[in-house]
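Secondary and tertiary structure notes
So you can see what is in the structure, the chains are spelled out below.
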Amino acid sequence: MAERTHVCPICGTTGLPAMSRYPAYVCHGCAARARSADGRPLRFTNQGAWGGFLAAYADTDEPYPGGGRCWIDGIACIADEARFGGIVVQVSAGADGSSPPIQ
């Protein structure tokens, strides 16, 4: 079982399972607040039982052309299919590979 040492980089929620594959993942509550650049709510899901990644506008269910790019509380993030299924949302890395400062 994973140690519960991860802290959500958006809201600061503590006690989340540490996952070395996803060092900058956000908690479910923050992931649910993902928005497009123009502020529309987004929904990320698996395409089917065997995986795949789908992104859609949550308010109309139309496909979101931005892929996994999203913003949570003004912080750039990326959503993608997790290795063994499900969706993971992480704070985007900066150009130098570092995480951007949390505001």
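As a starting point, this report considers the structure included with it. (Residues numbered from 1 in each chain as written. Predicted model: local features only at pLDDT ≥ 70, side-chain atom pairs only at ≥ 80, totals over all residues. Heavy atoms only, no water.)

**Concerning the sheet that holds strand β4 (residues 75–81)**
Reading across from one edge, β3-β4-β5 is the order of the three strands in this open sheet, with antiparallel pairing throughout. At either margin of the open sheet sits one strand with a lone partner, and together these are β3 (69–72) and β5 (87–91). Adjacent strand axes in the sheet meet at a mean angle of 35° when their direction is disregarded. Where β4 and β5 come together, five bridges link them in antiparallel fashion. Directly across from C77, in β5, lies its bridge partner V91. (Pairing = 2+ DSSP bridges. Helix = DSSP H or I, 4+ residues; strand = E, 2+ residues; numbered from the N terminus. Axes fitted to C-alpha atoms, helices over the stretch in contact; angles between N-to-C directions.)

**Things to note about the pairing of β3**
Of the two faces of β3, the one holding C70 and I72 is buried and the one holding R69 and W71 is not buried anywhere. Where β3 folds back onto β4 in an antiparallel hairpin, the turn is made up of two residues, including D73, whose phi is positive at roughly 55°. (Buried < 20%, exposed > 50% of the residue type's maximum accessible area, 1.4 Å probe, protein only.)

**Overview of the packing of aromatic side chains**
Counted according to the given criterion, the structure contains two aromatic pairs. Their ring planes at 20° and their centres at 5.8 Å tell us that F44 and F53 sit as a pair that is stacked. Of the residues examined, F44 reaches a relative accessible area of 12% and is grouped as buried. Geometrically, the ring pair formed by Y57 and Y64 is edge-to-face, given 5.3 Å between the ring centres and 75° between the ring planes. (Phe/Tyr/Trp six-rings, centres within 6.5 Å; stacked < 30°, edge-to-face > 60°.)

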